[in-house]
Amino acid sequence: MAARWLTAPAHPAVALLLKSHEHRAACLLRYAEDTERAGREERQRVSRLDTEISSLRAQQRPPRRTRRPAAQSAS
């Protein structure tokens, strides 16, 4: 019985199901590649923004120190 089951032609639905899984695997690979590329681009963007923030902070003027008003003498 098992030999007959193994040698019998596959049902068309099985071939369709296997083809569907093959397509899903290809889609997942493309998705993984796209996600990896997007992650790389995001890391580069964050790095550029960090560099720009550091540059802008370095260009800031130091806060001015204000003198405290002289103490009024109680006369």
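We now turn to the structure provided with this report.

**Observations regarding the pattern of salt bridges**
- All chains considered together, the criterion is met by three salt bridges.
- Across the pair R37 and E41 runs a salt bridge whose closest N-O atoms are separated by 3.3 Å. Of this pair, R37 and E41 both sit in helix 2 (residues 12-59), four residues apart, which is roughly one turn of the helix.
- Judged by relative accessible area, E41 falls into the partly exposed class, the value being 42%.
- The salt bridge partner of E42 is R45, with a shortest N-O separation of 2.9 Å. Remark: R45 and E42 occur in helix 2; sequence separation between them is three residues, near one turn of the helix.
- Overall, R45 belongs to the partly exposed group, its relative accessible area being 40%.

Cut-offs used in this document
Residues numbered from 1 in each chain as written. Predicted model: local features only at pLDDT ≥ 70, side-chain atom pairs only at ≥ 80, totals over all residues. Heavy atoms only, no water. Salt bridge = Lys/Arg side-chain N within 4 Å of Asp/Glu carboxyl O. Helix = DSSP H or I, 4+ residues; strand = E, 2+ residues; numbered from the N terminus. Buried < 20%, exposed > 50% of the residue type's maximum accessible area, 1.4 Å probe, protein only.

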